[in-house]
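Structural characterization, general
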Amino acid sequence: MNTALTATYALTVLLLIATPGPVVALIVNTAAASGSRKAMFTAVGTNWASLVLIGAAAWIILTSAAIDKAWLSTMSLLGCLFIGYIAVGTLRDVLQAPAPDATSETPKTGRGGLLQGFMVGISNPKDIIFFIAFFPQFIQITESFGKSMVVLSLLWVAIDFAVLSLYIFAIGKIASQRSNRVISLASGVALLLIAAGGLLYNLNELAA
């Protein structure tokens, strides 16, 4: 195995995954609103989605299959609508919840979980394009395409889960009623902005 190339790949993935996006916003919101356990299940769901997208990208690289850009944009549009639905539900829960005080317990909501994590993770099939462009740069870490894809995929999932776990741990350390409310509100707004930006982008792609 090419250790230098592997280390470069691991560092690149770490920086990419640590950058806030819809998955991080969902994980942070779930940890604040529903606790670490449900947030961990949400992280498993997002990892499951990553494996599906990586598998699709590997198949396309191997077979040189063509990709219908209109289909990808349409599916991305639906994914943005789903993220927007989660954002609106999150903001509604936060704004309708009673004001926090020193004696009451933090309200737990039904947000997050394995399925919702998967749906948010899979909501942008254009990530397949990213993996198609990204993986070939590191495919030489072993002498075999198949082995390289397995190693790259496992490293991605391991780093992804580790980074998301750190986010969950950090939220657990600062957890309080007031901070959880602020975190949920901020992550809900972030999800809504991501959904709106994605909608505009994909509508423009379909119109082009």
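Please read all numbers here as calculations on a predicted model, not as lab measurements. (Residues numbered from 1 in each chain as written. Predicted model: local features only at pLDDT ≥ 70, side-chain atom pairs only at ≥ 80, totals over all residues. Heavy atoms only, no water.)

1. A word on helix α3 (residues 36-63)
Between its first and last C-alpha atoms α3 spans 41 Å; for 28 residues at 1.5 Å apiece the expected length is 40 Å, and the two agree. Just past α3, the residue serine 64 takes up positive phi, approximately 55 degrees. (Helix = DSSP H or I, 4+ residues; strand = E, 2+ residues; numbered from the N terminus. Expected span 1.5 Å × (residues − 1).)

2. Brief notes about the environment of glycine 113
Note on placement: glycine 113 falls in the loop between α4 (69-96) and α5 (114-122). The buried category is assigned to glycine 113, whose relative accessible area is 10%. Spatially, the C-alpha atom of glycine 113 lies 8.1 Å from that of threonine 30, the residues being 83 residues apart in sequence. (Buried < 20%, exposed > 50% of the residue type's maximum accessible area, 1.4 Å probe, protein only.)

3. Re a nonpolar patch on the surface
Together, Phe41, Val44, Trp48, Val52 and Leu114 line one region of the surface with nonpolar side chains, adding up to about 440 Å² of accessible area. In terms of residue count, the dominant contributor to the nonpolar patch is α3 (four residues). In this structure, valine 52 sits in helix α3. Valine 52 gets classed as partly exposed once you look at its relative accessible area, which sits at 40%. (Patch = residues over 30% accessible without salt bridge, like charges linked within 9 Å, V, L, I, M, F, W, Y side chains within 5 Å. Areas by Shrake-Rupley, 256 points an atom, 1.4 Å probe, with all protein chains shown as cover. Salt bridge = Lys/Arg side-chain N within 4 Å of Asp/Glu carboxyl O.)

4. A look at the packing of aromatic side chains
For any pair of aromatic rings, the description rests on two quantities: the centre-to-centre distance and the angle between the ring planes. For the structure on display, the rule yields twelve aromatic pairs. Arranged with centres 6.3 Å apart and planes meeting at 50 degrees, the rings of tyrosine 9 and phenylalanine 135 form a pair that is tilted. Residue tyrosine 9 is found in helix α1 (residues 3-18), and its partner phenylalanine 135 is found in the loop between α6 (127-134) and α7 (145-173); the two are separated by 126 residues along the sequence. We note that tyrosine 9, like phenylalanine 135, is buried. Residue tyrosine 9 is classed as buried on the basis of its relative accessible area, which comes to 0%. (Phe/Tyr/Trp six-rings, centres within 6.5 Å; stacked < 30°, edge-to-face > 60°.)

5. Observations regarding the pattern of salt bridges
Following the criterion strictly, the structure yields one salt bridge and no others. Glutamate 143 is the partner of lysine 147 in a salt bridge, and the nearest nitrogen-oxygen pair spans 3.3 Å.

6. Section: the confidence of the model for the chain
Put simply, the chain has an average pLDDT of 81, and 88% of its residues get 70 or more. Here residues 102-107 is modelled with pLDDT under 50, and outside its nearest four sequence neighbours on either side it reaches seven contacts, counting other chains as well. (pLDDT = per-residue confidence, 0-100. Contact = heavy atoms within 4.5 Å.)

7. Some thoughts on the packing of helix α2 (residues 22-34) against α5
Interhelical geometry of α2 versus α5 gives an angle of 160 degrees and a closest axis separation of 9 Å. As summarised for this structure, α2 and α5 are arranged roughly antiparallel, according to the angle between their axes. Handedness of the α2/α5 crossing: right-handed. Contacts from Pro22, Val23 and Leu26 in α2 reach Gln116, Gly117, Val120 and Gly121 in α5. Grouping the amino acids of the contact of α2 with α5 by side-chain chemistry returns four nonpolar, three polar and no charged. (Axes fitted to C-alpha atoms, helices over the stretch in contact; angles between N-to-C directions. Parallel < 35°, antiparallel > 145°, perpendicular 65-115°, else oblique. Left-handed = near helix turned anticlockwise from the far one by under 90°. Nonpolar A, V, L, I, M, F, W, Y, C, P; charged D, E, K, R; others polar.)

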